[in-house]
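# Remarks on the overall topology
Spelled out from the first residue to the last, the chains are:
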Amino acid sequence: MTKKYQKLGLSILFDAIGMTSYLIPGIGELTDIIWAPISGFLMTRMYKGNIGKAAGIFTLFEEAMPAIDIIPSFSLMWLYTYVLKKEEKEPKIIDIDAN
């Protein structure tokens, strides 16, 4: 299994952990207080550089805020990194007409 797909598996797992707070009404919000900083830290470790730091901050607040922690931030970051951003790396060809 490549590193790319290991990150996908971890992303799905971490998003699932973040959503478990919906399983226990009332107590679930308490688990978000614990999970929010952990998830922010994990995001910065999985994705290096400024984009990882920005995603870590987003994940921290997303998990800490009630009702929006259903956003699968780890999976979205994986999609951005390995699907959307990949397209940006392809060289752009500019056709210059000599006429």
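Residues numbered from 1 in each chain as written. Predicted model: local features only at pLDDT ≥ 70, side-chain atom pairs only at ≥ 80, totals over all residues. Heavy atoms only, no water.

### Observations concerning the overall build of the chain
When helices and strands are counted, the chain shows four helices and zero strands. From first element to last, N terminus to C terminus, the chain shows the α and β order α-α-α-α. Classification of the 99 residues of the chain by burial places 27% in the buried group. By sequence separation, contacts in the chain at least 24 residues apart represent 64% of the contacts at least 6 residues apart. Carbon and sulfur atoms provide 71% of the accessible area of the chain, an area that totals close to 7100 Å². (Helix = DSSP H or I, 4+ residues; strand = E, 2+ residues; numbered from the N terminus. Buried < 20%, exposed > 50% of the residue type's maximum accessible area, 1.4 Å probe, protein only. Contact = heavy atoms within 4.5 Å. Areas by Shrake-Rupley, 256 points an atom, 1.4 Å probe, with all protein chains shown as cover.)

### Considerations on the side chain of E63
Topologically, E63 is positioned in helix α3 (residues 49–64). Despite its burial, E63 pairs with no opposite charge, the nearest such side chain being R45 at 18 Å. Ignoring anything within four residues of it in the chain, the contact list for E63 reads G18, D32, W35, A36, S39 and D69. (Lys, Arg positive; Asp, Glu negative; His and termini not counted. Salt bridge = Lys/Arg side-chain N within 4 Å of Asp/Glu carboxyl O.)

### Comments concerning the nonpolar core
Listed in full, the nine residues of the largest apolar core are F14, W35, M43, M46, Y47, A55, F74, M77 and W78. At the level of elements, α2 (28–46) and α4 (73–88) are the ones that each hand at least two residues to this core. Those residues within four positions of M77 in sequence are excluded, and the remaining contacts are M43, Y47, I51, G52 and A55. (Core = buried A, V, L, I, M, F, W, Y, C linked by side-chain atoms within 4.5 Å.)

### Details of the packing of aromatic side chains
Taken as a whole and judged by the stated rule, the model has four aromatic pairs. Ring centres 6.2 Å apart and planes at 50 degrees place the aromatic pair F14 and W35 in the tilted group. With F14 in helix α1 (residues 3–19) and W35 in helix α2, this residue pair connects regions lying 21 residues apart in the sequence. Among the residues examined, F14 registers a relative accessible area of 12% and is labelled buried. On the accessibility criterion, W35 (10% relative accessible area) is buried. Taken together, Y5, W78 and Y82 form an aromatic cluster joined through their ring pairs. One cation-aromatic arrangement involves K7 over Y47; the distance from NZ or CZ to the ring centre is 4.7 Å. (Phe/Tyr/Trp six-rings, centres within 6.5 Å; stacked < 30°, edge-to-face > 60°. Lys NZ or Arg CZ within 6 Å of the ring centre and 35° of its normal.)

### A word on a nonpolar patch on the surface
On the surface, L23, I24, I27, L30, I33, I34 and I38 cluster together into a nonpolar patch covering about 730 Å² of accessible area. With respect to the helices and strands, I27 occurs in the loop between α1 and α2. (Patch = residues over 30% accessible without salt bridge, like charges linked within 9 Å, V, L, I, M, F, W, Y side chains within 5 Å.)

### A look at the packing of α1 against α2
Running from amino to carboxyl end, α1 crosses α2 at an angle of 165 degrees, the nearest separation of the two axes being 11 Å. Regarding the angle of α1 to α2, the classification is roughly antiparallel. Note on packing geometry: the crossing formed by α1 with α2 is left-handed. Contact residues: α1 offers K7, L10, S11, F14, I17 and G18, while α2 offers D32, W35, L42 and M46. Of the residues that constitute the contact of α1 with α2, the class distribution is six nonpolar, two polar and two charged. (Axes fitted to C-alpha atoms, helices over the stretch in contact; angles between N-to-C directions. Parallel < 35°, antiparallel > 145°, perpendicular 65-115°, else oblique. Left-handed = near helix turned anticlockwise from the far one by under 90°. Nonpolar A, V, L, I, M, F, W, Y, C, P; charged D, E, K, R; others polar.)

Taken by themselves, the reported measurements are silent on function.
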